[in-house]
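Residue strings, one per chain:
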Amino acid sequence: MKKLLLISSIALGLLGGCASNENISTQSNVATMQSKPSIAPSKSASAPKPKDDIQNEIALCIQAVNEGKTAQSINGTIFALDPANPSSKFLYSSPNKLSTDETVLLAKFKRETQKCRQIAMKIQNPSLRKVYQNYFAKIDRVYDGLIYKKITTGVANQERSLLMTQFKMQFLDTLNK
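Fair warning: this is a prediction, and the values are worked out from it, not measured in the lab.

Rules and cut-offs
- Residues numbered from 1 in each chain as written.
- Predicted model: local features only at pLDDT ≥ 70, side-chain atom pairs only at ≥ 80, totals over all residues.
- Heavy atoms only, no water.
- Helix = DSSP H or I, 4+ residues; strand = E, 2+ residues; numbered from the N terminus.
- Expected span 1.5 Å × (residues − 1).
- Buried < 20%, exposed > 50% of the residue type's maximum accessible area, 1.4 Å probe, protein only.
- pLDDT = per-residue confidence, 0-100.
- Contact = heavy atoms within 4.5 Å.
- Axes fitted to C-alpha atoms, helices over the stretch in contact; angles between N-to-C directions.
- Parallel < 35°, antiparallel > 145°, perpendicular 65-115°, else oblique.
- Polar contact = N/O pair within 3.5 Å; in protein donor to acceptor, adjacent residues only side chain to side chain.
- 1 Å grid on protein atoms, 1.4 Å probe; cavity = no way out; pocket = protein on both sides within 12 Å on 5 of 7 lines; lining within 4 Å.
- Points joined across faces, edges and corners; volume = space filled by probe spheres on them.
- Nonpolar A, V, L, I, M, F, W, Y, C, P; charged D, E, K, R; others polar.

## What about helix α6 (residues 100-120)?
- Under the 1.5 Å per step criterion, the end-to-end length of α6 is 31 Å for 21 residues, consistent within 8% with the ideal 30 Å.
- For α6, the complete set of buried residues consists of Thr103, Leu106, Phe109, Lys110, Thr113, Cys116, Arg117, Ile119 and Ala120.

## Some points on the confidence of the model for the chain
- Across the chain, the average pLDDT comes to 77, with 71% of residues at or above 70.
- Counting contacts from residues 1-50, a segment whose pLDDT is below 50, to residues more than four positions away or on other chains yields 115 contacts.

## Structural notes on the packing of α6 against helix α7 (residues 126-147)
- At their nearest, the axes of α6 and α7 sit 11 Å apart, and the two run at 170° to each other. Between α6 and α7, the crossing angle belongs to the class labelled roughly antiparallel. From α6, Thr103, Leu106, Ala107, Phe109, Lys110, Arg117 and Ala120 reach across to α7, where they touch Arg129, Tyr132, Phe136, Ile139, Asp140, Tyr143, Asp144, Leu146 and Ile147.

## Focus on the side chain of threonine 152
- As for its position among the elements, threonine 152 is in the loop between α7 and α8 (153-176).
- On the basis of relative accessibility, which here comes to 17%, the residue threonine 152 falls in the buried class.
- At a separation of 3.3 Å, a polar atom in the side chain of threonine 152 contacts the main-chain carbonyl oxygen of serine 94.
- One polar contact links the side chain of threonine 152 to the main-chain amide nitrogen of valine 155, over a distance of 3.2 Å.
- Other than its neighbours up to four places away in sequence, threonine 152 contacts Ser94, Pro95, Asn96, Lys97 and Leu146.

## Some remarks on empty space enclosed by the protein
- A full pass over the atoms with the stated rule returns 2 cavities of 30 Å³ or more.
- Roughly 40 Å³ of internal volume is contained in the second largest cavity.
- Lining the second largest cavity we find Asn134, Tyr135, Lys138, Leu163, Gln166, Phe167 and Gln170.
- For the lining of the second largest cavity, the secondary-structure elements that each account for two or more residues are α7 and α8.
- The dominant element in the lining of the second largest cavity, judged by the number of residues it contributes, is α8, at 4 residues.
- Along the lines of polarity and charge, the residues of the lining of the second largest cavity split into 3 nonpolar, 3 polar and 1 charged.

Dropping the structure here:
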């Protein structure tokens, strides 16, 4: 039970950070789970890490990115990272495209998430690693669509929500195999 809770919180943490906009009603649960990791990450760089340590390391990395200045700046203006933000509902239907400053900010956020993605490459289960890689590729297309003004913030928030739901299902399916 504890392992399932840890894995679920890590999956939600990943979704919360790299594409945090799953479902407004569950985002507060994601924030709560991210702020209290169950296991400290391993500090041994040379020893192979068990899957749980790597996933915990991903969750801690995402938590750090989400608590950063850049993520706080995009919350409520580009993406609904915090469901308590009053502009969250508007962001799902917004017809707006990014301003020049917002484009720079989102590009910076995308770069900041790269370190967490590199940690995911250490996952030893090839199927699980592929789930992460597919998710990252798809969320990058959403970010790029916004950056290059091909989509609106409303469309981007809806796509992120869908991608996070798909990721969660694939993640859990892979773990249950």
